[in-house]
Amino acid sequence: TQQTLAALKETDQQIGAFLTLNEEQALAAAKAVDEEGIDPDNLLAGIPIAIKDNIMTKGLRTTAASKILANFTPVYDATVMKKIYANDMIVIGKTNMDEFAMGGSTENSAFKITKNPWDTTKVPGGSSGGSAAAVAAGMVPFALGSDTGGSIRQPASFTGVVGMKPTYGRISRWGLIAFGSSLDQIGPFARNIKDNAALLNILVGKDEHDGTSVDGYPADFTANLTAGVKGMRIGLPKEYLGAGVQKEVKQAILAAADKYRELGATVDEVSLPHSKYGVAAYYIISSSEASSNLQRFDGIRYGVRSKDARNLNDVYVRSRTEGFGPEVKRRIMLGMYSLSAGYYDAYFKKATQVRTLMQQDFTNIFKDHDLILGPVAPTTAYGIGEDSDDPLTMYAGDVLSVPVNMAGLPGLSLPAGFASGLPIGMQLIGKPFAEATLYQAGYAFE
Ligand code: GLN
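Residues numbered from 1 in each chain as written. Predicted model: local features only at pLDDT ≥ 70, side-chain atom pairs only at ≥ 80, totals over all residues.

**Thoughts on the overall build of the protein**
Consideration 1: When you go through the protein residue by residue, the secondary structure sums to 14 helices and 11 strands.
Consideration 2: For 446 residues, the compact-globule formula gives about 22 Å, and the C-alpha radius of gyration of the protein, at 21 Å, lands near that figure.
Consideration 3: Taken over the C-alpha atoms alone, the protein extends approximately 70 × 65 × 45 Å along its principal axes.
Consideration 4: Residues counted as buried form 54% of the 446 residues belonging to the protein.
Consideration 5: Once local pairs closer than 6 in sequence are excluded, the contacts in the protein between residues at least 24 apart make up 75%. (Helix = DSSP H or I, 4+ residues; strand = E, 2+ residues; numbered from the N terminus. Rg over C-alpha atoms; globule rule 2.2 N^0.38 Å. Buried ≥ 20, exposed ≤ 12 C-beta atoms within 10 Å, placed from the backbone. Contact = placed C-beta atoms within 7 Å.)

**Quick look at the UniProt feature "active site" (unreviewed entry) in the protein**
Consideration 1: Feature annotation in UniProt assigns "active site" (unreviewed entry) to the following positions: Lys 52, Ser 127 and Ser 151. The annotated residues occupy 100 residues of the chain but converge on a single region, no pair of C-alpha atoms lying more than 10.9 Å apart.
Consideration 2: Relative to the assigned elements, Lys 52 resides in strand E2 (residues 48-52).
Consideration 3: Look at Lys 52 and you get buried, because 32 C-beta atoms sit within 10 Å.
Consideration 4: In contact with Lys 52, not counting residues within four places along its chain, are Thr 95, Met 97, Ser 128, Gly 130, Ser 131, Leu 144, Gly 145 and Ser 146.
Consideration 5: On the secondary structure map, Ser 127 appears in the loop between strand E3 (90-95) and helix H4 (129-136).
Consideration 6: Judged by local crowding, Ser 127 falls into the buried class, with 35 C-beta atoms found within 10 Å.
Consideration 7: In this structure Ser 127 touches Met 97, Asp 98, Ala 101, Met 102, Gly 103, Gly 104, Thr 106 and Ser 151, once residues within four positions along its chain are discounted. (UniProt positions renumbered as here; feature names shortened; annotations may be inferred.)

**Quick word on the sheet that holds E3**
Consideration 1: Here 11 strands make up an open sheet; going across it, the order is E1-E3-E2-E4-E6-E5-E10-E11-E9-E7-E8 and the pairing mixed. Single-partner strands in this sheet number two, and they are strand E1 (18-21) and strand E8 (266-270). Each neighbouring strand pair of the sheet contributes to a mean axis angle of 30°, computed without reference to strand direction.
Consideration 2: The sheet contacts of helix H14 (residues 435-445) involve strand E5 (162-165), strand E9 (371-375), strand E10 (411-419) and strand E11 (422-430), and relative to E11 the element is tilted by about 140°. (Pairing = 2+ DSSP bridges. Axes fitted to C-alpha atoms, helices over the stretch in contact; angles between N-to-C directions.)

**Quick word on the nonpolar core**
Consideration 1: Counting residues in each nonpolar core, the largest one holds 124 residues, and the members touching the most others are Ile 49, Ala 134 and Leu 373.
Consideration 2: With sequence-adjacent residues up to four places away left out, Ile 49 is seen in contact with Ile 84, Met 89, Ile 90, Val 91, Ile 92, Val 140, Phe 142, Ala 143 and Leu 144. (Core = buried A, V, L, I, M, F, W, Y, C linked by C-beta atoms within 7 Å.)

**Overview of the environment of Ile 92**
Consideration 1: Along the chain, Ile 92 turns up in strand E3.
Consideration 2: With 25 C-beta atoms packed within 10 Å, Ile 92 lands in the buried category.
Consideration 3: When near neighbours in sequence (up to four residues on either side) are disregarded, Ile 92 contacts Thr 4, Leu 5, Leu 8, Leu 21, Asn 22, Ala 26, Pro 48, Ile 49, Ala 50 and Val 140.

**Thoughts on the site of the ligand**
Consideration 1: Close to the ligand lie 13 residues; Ala 101, Gly 104, Thr 148, Gly 149 and Ser 151 are nearest.
Consideration 2: For the shell around the ligand, the class distribution of residues is 3 nonpolar, 8 polar and 2 charged. (Near = placed C-beta within 6 Å. Nonpolar A, V, L, I, M, F, W, Y, C, P; charged D, E, K, R; others polar.)

**Details of the packing of helix H8 (residues 278-293) against helix H11 (residues 345-366)**
Consideration 1: Two elements in contact, H8 and H11, have axes whose closest approach is 9 Å; the angle formed by their N-to-C orientations is 125°. In terms of orientation, H8 lies oblique with respect to H11. Remark: the crossing between H8 and H11 carries left-handed chirality. Every residue of H11 that contacts H8 at Gly 278, Ala 281, Ile 284, Ile 285 and Ser 288 is listed here: Tyr 347, Phe 348, Ala 351, Thr 352, Val 354, Arg 355 and Met 358. (Parallel < 35°, antiparallel > 145°, perpendicular 65-115°, else oblique. Left-handed = near helix turned anticlockwise from the far one by under 90°.)

**Brief notes about helix H7 (residues 247-262)**
Consideration 1: Here H7 is 16 residues long and its end C-alpha atoms lie 23 Å apart, about the 22 Å a rise of 1.5 Å per residue gives.
Consideration 2: Among all positions of H7, only Val 249, Ala 252, Ile 253, Ala 256, Ala 257 and Tyr 260 are buried. Along the axis of H7, the buried positions cluster into a sector of 145°, meaning they face one direction only. Along H7, the residues that are exposed and aim more than 90 degrees away from the buried face are Lys 247, Asp 258 and Glu 262.
Consideration 3: Contact partners of the buried residues in H7: strand E7 (233-237), E8, E9, E10, E11 and H14.
Consideration 4: Positive phi shows up at Gly 264, right after H7, with a value of about 105°. (Expected span 1.5 Å × (residues − 1). Arc of directions from axis to C-beta.)

**Side note on the packing of helix H6 (residues 193-203) against H14**
Consideration 1: Relative orientation of the contacting elements H6 and H14 amounts to 165°, with a least axis distance of 9 Å. Compared by their axis directions, H6 and H14 come out roughly antiparallel. Judged by the twist between their axes, the crossing of H6 over H14 is left-handed. Note on element contacts: H14 touches H6 through Glu 435, Tyr 439, Gly 442 and Tyr 443, opposite Ile 193, Lys 194, Ala 197 and Leu 200.
Consideration 2: Across the contact of H6 with H14, the residue classes tally to 5 nonpolar, 1 polar and 2 charged.

Structure below.
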């Protein structure tokens, strides 16, 4: 822990992955683990981990990278944090992100820009860009992120690490600052498949505080890693290699398909016909849910209160005006609009119908396929500042990641090559609760 903190402080001057360090408590926790002695069955004891700053950590500042929570220290731990502590992992600090997880480059943070460790002129992806960059730069071996429409998989892809977005319900969302509650999942980042699976092992399970969480199987995601892919049926959606996908990204995915064939799997073309509506439907549903979830930030109960307010209404208006950044305001307005009486049928209801069609697309493929292979994002990491003032271009970059959240499926992002020195990520998508199959196929490729 001492070494990690010392090296990290040096490296993070260039990268900017962390918002808050947990130095004192981390050292004390490590000392306690030393004194207790490490349980030989506990692979993760004493190992440092970084936590995305939208996950509640008792006694440790939690901002969701928003000015409105700049001074907020939670009084309770998220369920995942209880599990991390119960396994004697050492929490090193909280990582930068797009404000309230809204974005794909970490440029929407109210506090700082995080740089891609492979090329510091490029973004690390987002919204969990700090967690991905911290692992990619070797500052920590593990991190937690959250994924509403790609926020674990896309930064994993941009930084060349392994990121898992688990099945909806696999991990409790209690203590995750809610964005789109029907889409959000917490998940692990690690340097390789085996580490990632070992971390998922301790995060899962039913929690009485989250009614959507379930007890799943198997007990150990690392158990089948070496089983190979012989006989596996893999589908390659034609929509995932179409226009807008960078040439090198497409080549890397086709090469991965060939490698899977060599390893004994079958790979054939499949179709996700409704995926082209995915971005539109996702932004309506996620913004609608966000506009409801973010009502709690009113300047009264927690967070920053405007100093200039003269009456109650003024407290709400000024605290929110000063506290929320432009992207968050845009989503609240979009969400309120699509939920309002006159527009509900045309927008929100329509988007939920599209969501059902997208789910059916996947169900059809999984009738005779074990998994789906494709890119995570259409391109490799782009330049800092390149797209940041153009929300629609940013949203379009989510086209390959949001279908997984719309259908509640598990999605694994793992490195599949490089283009001009930047990592290319590939995505494996599985049936509900088939994370073990994804890890198995990922391990065979790795
Ligand atoms: N980029 C997407 C968005 O801005 C996804 C974010 C996420 O998964 N949290 O909504």
